[in-house]
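Notes for the structure review
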Amino acid sequence: MLPHLSGVFIESIKRTAGVVTLRAGCQTVPTKCPHCRMPSWRVHGRYVRTLGDAPVAGSPVVIELVVRRFKCLSEQCPAVTFAEQVEGLTRPHARQTTPLRSMLTSIALTLAGRPGARLAAMLGIRIAKDALLDLLRSVPQRPVGVVRYLGVDDFALRKGDSYATVLVDLEARRPVDVLPGRDAEPLAAWLGRHPEVEIICRDRAGAYAEGARIGAPQAVQVADAWHLWRNVAEALERTVGTHHGCIRDAFAQSLATAEATVETSVTAEPTQAVVPFVPPDGTLDVMGRPRRLVARTAERYAAVQGLLAEGKSLAAIGRALRLDHSTVRRFARAGSLDELLVKATGRQSVLDEHKPYLHARWLDGCHDIPQLHQELRERGFTGSVQCVRRYFRSFRPPRLPGRKQQPVARPNPRATPKPRRVVRWILTNPQHLAPADAAELKEIRAACPRLDAAARHVHHFAEMLHHLRGDQLPDWMERVLADDLPAMHSLVNGMRRDFEAVTAGLSATWSSGQVEGHVTRIKLLKRMGYGRANLDLLRQRALLGP
């Protein structure tokens, strides 16, 4: 007898070519007809049914089950005969036992096709990758149940081409559905079938706002707090980019003041002058000429702004200049050329963290590039000597015959902080900001009143967000509109169009945090599926997987 099944006995066990074969039979009488549920004890015939079972010690197991066919005793039943089924072992037309199917289902939900087939082969189960995918498609979905608090977000199937929408039950902390696209109609249709939804937590997408308004007018829409903070950060970054010239002027003025102080303190003794080193701002190449990217950006900005002044639409400008619509929109929305040049010249370099040390050594009189490169290598620099040579190519010290250069103690030049660094300083809690960064931020705010006003508004918004004071939002928007900050004005106008959801986002504790976690998991599942991650398979794994 099989220990976990009643009424099933084993006739023989044999092992051939690494496969364990069990010969088994059934002795349960009577058996109920699956159609009319009438018991029957009249055996019409027998046949052998071959079933794959869970492996034992890495060896495949095959069960040769002797199945009896019974004659139905009911005259009204449409079935004349029927085959017996063993509960927990067989199913109609199945070639695998229930334990093996459960095991393969778990493998398919976790690893899908090809990786799942490789794992099954290591466990002693022979199955093709396509069979695992078919098994994955056949798994029934769990009932959605009652959803009161819903989270909505989108994810990319093919970035920039096709998207899908995931719906998460925030109470049960599990996804309940995956919809094709990220439009308003599928969301509205789903919400129409679930009138019990009370709260919908979403991002700032207009399609989701429209779908929630149509499908669930009774629900309260909550704009996610993280997305609100991101919108504030984007507006702040545009503001800093527009006024980055003020930051450069402030740092250059402080350096010039320090240089003038040093010059007045140097004796009149004839010594060789040291070339003052001014860190490049990224607009010139190593030969001192304007970078091609900078020149192209300036040319495109002038062309786009000129066509806008003539009344041309963005689509017409894109056709005339042969530019993508998003590029034309970015140049049209830019407040100034400096805002675009900041992004074009603000790229990171492997030399950035070592520049203060290089500036100090240069001003000390060390102009030997190989020596400077060797000193950087000792400090952990991984670049080549040519990287250092190109950086200093435009700053060669003059040579005076017959005289040895005497180093003059000069202040170390400070590199102008890039816009994203300034944005990070403003967005950071002042209590968690390093003293040196806090001092530079204070200097920047003192040099530019508009950046000071933007930083003040951002800090007030952070206090509203942290203390859940959504009732202060109207006053905050009025204070922002009172200052000359176009990027922040655009932010306020967007919040006005979505005022109720933004206010709820600043007042409620619900957020899309767990929704973002499920989106991250779905992205991992999509990459694990390689080219077979169609929406139906991805939906199965997203809703049923671990």
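Structure first, text after, so check above.
Quick summary incoming for the structure in this document. All of these numbers come straight from a predicted model, not from anything done at the bench.

1. Description of the overall build of the protein chain
Within the protein chain one finds 22 helices and 12 strands. Taking all 546 residues of the protein chain together, the buried fraction comes to 42%. Taking all contacts inside the protein chain whose residues are at least 6 apart in sequence as the whole, residues at least 24 apart take part in 60%. Just so you have it, the protein chain exposes about 29900 Å², and 53% of that area is on carbon and sulfur atoms.

2. Observations concerning the packing of helix H1 (residues 98-111) against helix H22 (residues 535-544)
Contact pair H1 / H22: the axes reach a minimum separation of 9 Å and the direction vectors enclose 105°. By the angle between their directions, the pair H1 and H22 is classed as roughly perpendicular. Facing Ala108, Leu109, Thr110 and Leu111 of H1, the residues of H22 in contact are Gln540, Arg541 and Leu544. Of the residues in the contact of H1 with H22, the class split is four nonpolar, two polar and one charged.

3. A look at the side chain of Asp153
Residue position: Asp153 is located in strand S8 (residues 149-158). It turns out Asp153 is buried and unbridged, and the closest side chain with the opposite charge, Lys523, is 7.9 Å from it. With near-sequence residues (within four places) excluded, Asp153 lies in contact with Ala164, Thr165, Val166, Asp203, Tyr208, Val515, Glu516 and Val519.

4. A short note on the sheet that holds S8
An order of S10-S9-S8-S11-S12 is seen for the five strands of this open sheet, with the pairing classed as mixed. Only two strands of the sheet have a single partner each, and these edge strands are strand S10 (174-180) and strand S12 (220-223). Shown here is a sheet whose adjacent strand axes are inclined to one another by a mean of 25°, direction ignored. Here S8 pairs with strand S9 (residues 162-169) via eight bridges, running antiparallel. Counterpart to Asp154 in the pairing with S9 is Thr165. Packing of helix H21 (residues 513-528) onto the sheet brings it into contact with S8, S9 and S10, and relative to S8 it is tilted by some 30°.

5. Let's talk about helix H15 (residues 419-427)
Among all positions of H15, only Pro419, Val422, Val423, Trp425 and Ile426 are buried. Taken down its axis, H15 places every buried residue within 160° of arc, on the same side.

6. Here we look at the pattern of salt bridges
Under the criterion given, the structure shown has 19 salt bridges. When the shortest N-O distance is used, the salt bridge between Arg420 and Glu237 registers 3.2 Å. Here Glu237 lies in helix H6 (residues 225-242) and Arg420 lies in helix H15, a separation of 183 residues in the sequence. Residue classification places Glu237 among the partly exposed residues on the basis of a relative accessible area of 24%. Notably, a salt bridge pairs Arg450 with Asp484, separated by 3.2 Å at the nearest N-O pair. Of this pair, Arg450 sits in helix H17 (residues 449-467) while Asp484 sits in the loop between helix H18 (473-481) and helix H19 (486-497), and the two are 34 residues apart along the sequence. The exposure class assigned to Arg450 is partly exposed, which follows from its relative accessible area of 39%. Each member of the salt-bridge network shares a partner with another, and the members are Asp134, Arg137 and Asp536.

7. Comments concerning unusual backbone geometry
A positive phi angle, close to 65°, is found at His93, a residue other than glycine. With respect to the secondary-structure elements, His93 resides in the loop between strand S7 (81-83) and H1. You can call His93 exposed: its relative accessible area is 82%. Within the chain, Arg322 stands out as a residue other than glycine whose phi angle is a positive 60°. Position of Arg322 relative to the elements: it lies in the loop between helix H9 (314-321) and helix H10 (325-333). When its relative accessible area of 77% is taken as the criterion, Arg322 is described as exposed.

8. Re the nonpolar core
Core analysis: the biggest nonpolar cluster contains 36 residues, and Val240, Ile426, Phe461, Leu473, Trp476, Met495 and Leu506 have the highest contact counts within it. At the level of secondary structure, the elements contributing two or more residues to this core comprise H6, helix H7 (244-265), H15, helix H16 (435-447), H17, H18, H19 and helix H20 (499-505). Considering each element in turn, this core owes the most residues, eight residues, to H17. Excluding residues within four positions of it along the chain, Met495 makes contact with Arg204, Val232, Phe461, Leu473, Trp476, Met477 and Val502. Formed by 18 residues, the second largest nonpolar core is a distinct cluster that contains Ala164, Leu170, Cys201 and Leu525.

Cut-off values and rules
- Residues numbered from 1 in each chain as written.
- Predicted model: local features only at pLDDT ≥ 70, side-chain atom pairs only at ≥ 80, totals over all residues.
- Heavy atoms only, no water.
- Helix = DSSP H or I, 4+ residues; strand = E, 2+ residues; numbered from the N terminus.
- Buried < 20%, exposed > 50% of the residue type's maximum accessible area, 1.4 Å probe, protein only.
- Contact = heavy atoms within 4.5 Å.
- Areas by Shrake-Rupley, 256 points an atom, 1.4 Å probe, with all protein chains shown as cover.
- Axes fitted to C-alpha atoms, helices over the stretch in contact; angles between N-to-C directions.
- Parallel < 35°, antiparallel > 145°, perpendicular 65-115°, else oblique.
- Nonpolar A, V, L, I, M, F, W, Y, C, P; charged D, E, K, R; others polar.
- Lys, Arg positive; Asp, Glu negative; His and termini not counted.
- Salt bridge = Lys/Arg side-chain N within 4 Å of Asp/Glu carboxyl O.
- Pairing = 2+ DSSP bridges.
- Arc of directions from axis to C-beta.
- Core = buried A, V, L, I, M, F, W, Y, C linked by side-chain atoms within 4.5 Å.

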